[in-house]
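# Commentary on secondary and tertiary structure
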Amino acid sequence: MLNKYRTVRAEANAEVVIKRSRFIGHAKPVETEEEAVAFIDEIKRLHRTATHNCSAYMVGERDQHQKASDDGEPSGTAGKPILEVIKNKGLKNVAVVVTRYFGGIMLGAGGLVRAYTDGAVAGIEAAGEIELVLHLEVFVEVDYTWYGKLENELHGRGTRLGGTEFTDKVIVLCLPVVPEADAFIAWMTDLTQGQAVIRTGEERYYIDGE
């Protein structure tokens, strides 16, 4: 798994009008190529009366799944520009569809490239660009006598926390970033003089800065 990558926050869309043609950019975060294809098919179904539903997606840790479709527009004037927007923004695991409702004025090849680029940018901006950072779940179990110090030290270090469970002991879910997890566990062991019971859980992505 990547330690971090950029994608979009949520499915969204936005519209631009160019020489009376409507270009609606739709963007969505996706985990798999199948999700990307399903999203594109859904937009085509919702906009079945549109002149074109051009699309592109980039999926995989190494961007191994890429595809662009002109959907009837002149070759290279729609799908490729959409894919280039995704690449230029450094995004992964995202699918974009730009729906066109023809307004009666021909745009020419250069005009189409600019229009589909603008539509893709609008859709991605509406969806919101974020960075996902990989964290490791670290459960720290201590006696109540340690809780005050532990809480202060964690806040002072700026550690992301996932919640606290109060039973006969206190269990704090800490979420260090993966590259720093070993150092965090060593620090926690030293801080509690080896009295904490520490176990690790799953690796999960969280939005950077939130």
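See the structure shown above.
This report concerns the structure included in the present document.

Calculation criteria
Residue numbering note: each chain is counted from 1, following its sequence as written. Local features in this predicted model are restricted to residues of pLDDT 70 or higher, and side-chain atom pairs are both shown and tallied only at a pLDDT of 80 or more, whereas totals for entire chains, interfaces and linings draw on every residue. Remark: hydrogens and water are excluded; side-chain values derive from all non-hydrogen atoms of the structure. To qualify as a helix, a DSSP run of H or I must reach at least 4 residues; to qualify as a strand, a run of E must reach at least 2; elements of each kind are numbered from the N terminus. Distance and chemistry together define a polar contact, namely a pair of N or O atoms within 3.5 Å, with one atom able to donate a hydrogen and the other to accept it when in protein, and with adjacent residues in sequence counting only for side-chain atoms on both sides. Contacts were defined at the residue level, with two residues in contact if any of their heavy atoms lie within 4.5 Å. Two strands pair if DSSP finds at least two bridges between them. Among the buried residues, those of types Ala, Val, Leu, Ile, Met, Phe, Trp, Tyr and Cys that are joined through side-chain atoms within 4.5 Å form a nonpolar core. Any residue under 20% of the maximum accessible area for its type is buried, any over 50% is exposed, and the rest in between are partly exposed; the area is computed with a 1.4 Å probe on protein chains only. As defined here, a cavity is a set of points on a 1 Å grid over the protein atoms alone where a 1.4 Å probe fits but cannot get out. A pocket is an open set with protein on both sides within 12 Å along at least five of seven lines, and residues line them when an atom is within 4 Å of a point. Grid points are joined across faces, edges and corners, and a volume is the space filled by probe spheres set on the points. For this classification, Asp, Glu, Lys and Arg are treated as charged, while Ala, Val, Leu, Ile, Met, Phe, Trp, Tyr, Cys and Pro are nonpolar and the rest, including Gly, are polar. Helix axes use the C-alpha atoms of the stretch in contact, all axes being lines fitted to C-alpha atoms, and the angles between their N-to-C directions lie in the range 0 to 180 degrees.

## Considerations on the side chain of histidine 26
Within the fold, histidine 26 resides in strand E3 (residues 21–29). Within the local environment of histidine 26, its side chain forms a polar contact with the backbone oxygen of isoleucine 24, the two atoms lying 3.5 Å apart. Look past the residues within four positions of histidine 26 in its chain and what remains in contact with it is Ala12, Asn13, Phe39, Ile43, His47, Ala95, Val96, Val97, Thr99 and Gly123.

## Notes on the pairing of strand E2 (residues 12–18)
Bridging between E2 and E3 involves seven bridges; their strand directions are antiparallel. Each residue of the ladder has a partner; that of valine 16, found in E3, is phenylalanine 23. Between the end of E2 and the start of E3, which pair antiparallel, lie two residues, with lysine 19 showing a positive phi angle near 50°.

## Details of the nonpolar core
Judged by nonpolar contacts, the single largest core of 23 residues is most densely connected at Ile82, Ile86, Val96, Val98, Tyr116 and Ile124. Elements with a minimum of two residues in this core: E3, strand E4 (52–59), helix H2 (79–88), strand E6 (94–101) and helix H3 (108–127). The element that contributes the greatest number of residues to this core is H3, accounting for six residues. Setting aside chain neighbours within four positions, we find isoleucine 86 in contact with Ala56, Tyr57, Met58, Leu91, Val94, Val96 and Ile124. Within the second largest apolar cluster, 16 residues are counted, among which are Leu136, Cys174, Phe184 and Met188.

## A few points about the layout of surface pockets
By volume, the largest pocket is sized at about 200 Å³. Lining the largest pocket we find 14 residues, and of these Tyr5, Glu31, Gly60, Glu61 and Asn93 sit closest to its centre. Looking at the lining of the largest pocket residue by residue, the classes come out as five nonpolar, five polar and four charged. For the lining of the second largest pocket, the residue count by class is four nonpolar, three polar and three charged.

## As for the sheet that holds strand E5 (residues 65–69)
One open sheet holds the five strands; their spatial order is E2-E3-E6-E4-E5, and the pairing between them is antiparallel. Strand pairing shows two members of the sheet lacking a second neighbour, E2 and E5, which therefore form its edges. Strand-to-strand twist in this sheet, taken as the mean axis angle between neighbours without regard to direction, amounts to 15°. Sheet topology places E4 next to E5; five bridges connect them, and they run antiparallel. Paired with valine 59 across the strands is histidine 65, a residue of E5. Where H2 meets the sheet, its contacts fall on E4, E5 and E6, and the angle it forms with E4 comes to roughly 35°. Sitting on the sheet, H3 is in contact with E2, E3, E4 and E6, with an inclination near 150° to E2.

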